[in-house]
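If you want the building blocks of each chain, they are given just below.
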Amino acid sequence: MSIWGKIIGGTAGLAIGGPIGALIGLAAGAAVDAGVEANQRPSDATRHVTFTIGVIALAAKMAKADGRVTREEVEAFKQVFRVPPEEMHNVGRVFDMARQHTAGFDAYARQIADLIGSNRAVLNDLLEALFFIAQADGEVHPNELNYIRAVAQIFGYSKDEIAELVHRHVGADPSCPYGVLGVKPSVSDAELKSHYRKLVRETHPDRLIAEGVPNDFIAVATRRVAEINVAYDQIMSERGKK
């Protein structure tokens with residue numbers, strides 16, 4: 001059964017609590033277990049479903065931030081999750097339920113943070129996905145930007161880290177390779193190479209797969225690694241290093 005089938009089928013056999021578990025119950029029209037015991041490690045299937053539903057919920061709540069959901073944002077959402085056409089109506093049901101659910105976005109963000117822990121690679125890709133969806137209609141609304149800032153803060157990002165993230169997506173020239181990599185033009189070749197390798201290592205899809213992230217979400221990492229590689233190659237070419 002696909003992950004979407006598990007979700008809409010009430011996640012039989014999985015113990016998922018909190019606001020994400022409640023949302024699954026509403027979307028599936030079925031009761032779900034009360035939750036995982038505090039000292040019990042969730043199974044991979046439970047983690048996959050919880051993470052996927054949590055990201056859908058965060059995307060849905062963000063869609064409400066600027067008061068409307070555009071066709072471009074919906075298409076961007078499909079690209080992030082690579083949703084099979086036959087499952088789109090099910091995913092749409094979860095998305096709509098999340099927008100209407102009384103739980104706030106902060107409750108979903110905290111449950112995801114508890115699930116992922118300190119794995120910055122996964123949290124980075126989640127924030128990248130939110131930015132990708134927010135930018136799909138050609139601009140990031142101020143309310144969407146504040147929303148992403150708040151989610152990043154819940155994930156444990158410092159003010160400086162959040163400022164750098166926002167600058168790369170909104171404040172920097174998107175055609176500037178230095179902005180893509182998050183470095184200054186004055187960076188030395190050695191520092192640039194070290195930073196580039198760190199970014200690739202942290203963002204590479206294989207690492208996320210090893211961490212148990214659902215395959216549906218790997219598209220974000222794949223796209224980000226491609227952007228990093230292109231930006232690095234462009235800088236090195238301009239410096240006459242290639």
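Use the structure listed above.
For the structure given in this document, a descriptive report is provided here. (Residues numbered from 1 in each chain as written. Predicted model: local features only at pLDDT ≥ 70, side-chain atom pairs only at ≥ 80, totals over all residues. Heavy atoms only, no water.)

**Quick word on helix α11 (residues 189-203)**
This is how the line gets drawn: Counting from the N terminus, the helices are DSSP H or I runs at least four residues long and the strands are E runs at least two residues long. Any helix carries an expected span of 1.5 Å times its number of residues minus one. Only protein chains enter the calculation, and the probe is 1.4 Å; a residue is then buried if its accessible area is under 20% of its type maximum, exposed if over 50%, and partly exposed in between. Relevant arc is that of directions from the helix axis to the C-beta atoms, nothing else. Between two residues, a contact is recorded if the distance between any of their heavy atoms is within 4.5 Å.
For α11, with 15 residues, the first-to-last C-alpha span of 21 Å sits near the 21 Å given by 1.5 Å per residue. Three or more residues of α11 are buried, namely L192, Y196, L199, V200 and T203. Seen end-on, α11 carries its buried residues on one side only, within an arc spanning 95°. Residues of α11 that are exposed and point over 90 degrees away from its buried face: A190, E191 and R201. For α11, the elements touching its buried residues are α7 (120-134), α10 (177-181), α12 (205-210) and α13 (218-238).

**Some points on empty space enclosed by the protein**
Heads up, the condition is: Buriedness of a pocket was judged along seven lines, with at least five required to meet protein on both sides within 12 Å; pockets are open sets of points on a 1 Å grid over the protein atoms alone, cavities are sets where a 1.4 Å probe fits but cannot get out, and lining residues have an atom within 4 Å of a point. Grid points are joined across faces, edges and corners, and a volume is the space filled by probe spheres set on the points. Gly is placed with the polar residues, together with every amino acid not listed as nonpolar (Ala, Val, Leu, Ile, Met, Phe, Trp, Tyr, Cys and Pro) or charged (Asp, Glu, Lys and Arg).
Tallying each qualifying case throughout the model produces 1 cavity of 30 Å³ or more. In this structure, the largest cavity occupies an estimated 60 Å³ of space. Secondary structure elements with two or more residues in the lining of the largest cavity: α3 (44-63) and α4 (71-81). Of the residues belonging to the lining of the largest cavity, the class tally is 8 nonpolar, no polar and 2 charged.

**Details of α7**
Given a rise of 1.5 Å per residue, 15 residues ought to cover 21 Å, and the 21 Å separating the end C-alpha atoms of α7 matches this to within 8%. Among the 15 residues that make up α7, 12 are buried, leaving the element largely enclosed by the rest of the structure. For α7, every residue scored as buried is listed here: A121, V122, L123, D125, L126, L127, E128, A129, L130, F131, I133 and A134.

**Some thoughts on the pattern of salt bridges**
The condition that has to hold: By definition here, a salt bridge exists when the distance from a side-chain nitrogen of Lys or Arg to a carboxyl oxygen of Asp or Glu is within 4 Å.
Across all of its chains, the model carries 6 salt bridges by this definition. Residue R224 is joined to E128 by a salt bridge in which the shortest nitrogen-to-oxygen separation is 4.0 Å. On the criterion of sequence distance, the pair formed by R224 in helix α13 and E128 in helix α7 is long-range, its members being 96 residues apart. Each member of the pair, R224 as well as E128, carries the same accessibility label: buried. A salt bridge links R239 to D189, with the shortest nitrogen-to-oxygen separation between them at 2.5 Å. Here R239, found in the segment after α13, pairs with D189, found in helix α11; they are 50 residues apart in sequence, far enough to count as distant. Given a relative accessible area of 23%, R239 falls into the partly exposed group. Through salt bridges with shared partners, a single ionic network connects E128, R224 and E227.

**Examining the packing of α7 against helix α8 (residues 142-154)**
Just so we agree on the cut-off: The axes used here are C-alpha line fits, helices contributing only the stretch in contact, and every angle between their N-to-C directions lies in the interval 0 to 180 degrees. Note that the term roughly parallel is reserved for angles under 35 degrees, roughly antiparallel for angles over 145, roughly perpendicular for angles of 65 to 115, and oblique for everything else.
Where α7 contacts α8, the two axes come as close as 11 Å, and the packing angle between them is 175°. Taken together, the axes of α7 and α8 lie roughly antiparallel to each other. Counting all contacts with α7, which are made through L127, L130, F131 and A134, the residues of α8 involved are E144, L145, Y147, I148, V151 and A152. Class assignment of the residues belonging to the contact of α7 with α8 gives a composition of 9 nonpolar, no polar and 1 charged.

**Remarks on the side chain of H169**
Within the secondary structure layout, H169 lies in helix α9 (residues 159-171). Non-local contacts of H169, meaning those with residues more than four positions away in its chain, are made with E128, F131 and Q135.

**Here's the deal with the layout of surface pockets**
Considering only enclosed or pocket space, the largest pocket measures out at about 510 Å³ in volume. Every residue lining the largest pocket is counted, 20 residues in all, and those nearest its centre are N124, E164, R168, L199 and E202. The set of elements that each furnish at least two residues to the lining of the largest pocket consists of α7, α9, α11 and α13. Residues belonging to the lining of the largest pocket are distributed by class as follows: 6 nonpolar, 4 polar and 10 charged. The space that makes up the second largest pocket amounts to roughly 320 Å³. When residues of the lining of the second largest pocket are traced back to their parent elements, those giving at least two are α7, α9 and α13. If you tally residues by element for the lining of the second largest pocket, the top one is α13, at 4 residues. A breakdown of the residues in the lining of the second largest pocket according to their chemical character gives 4 nonpolar, 2 polar and 5 charged.

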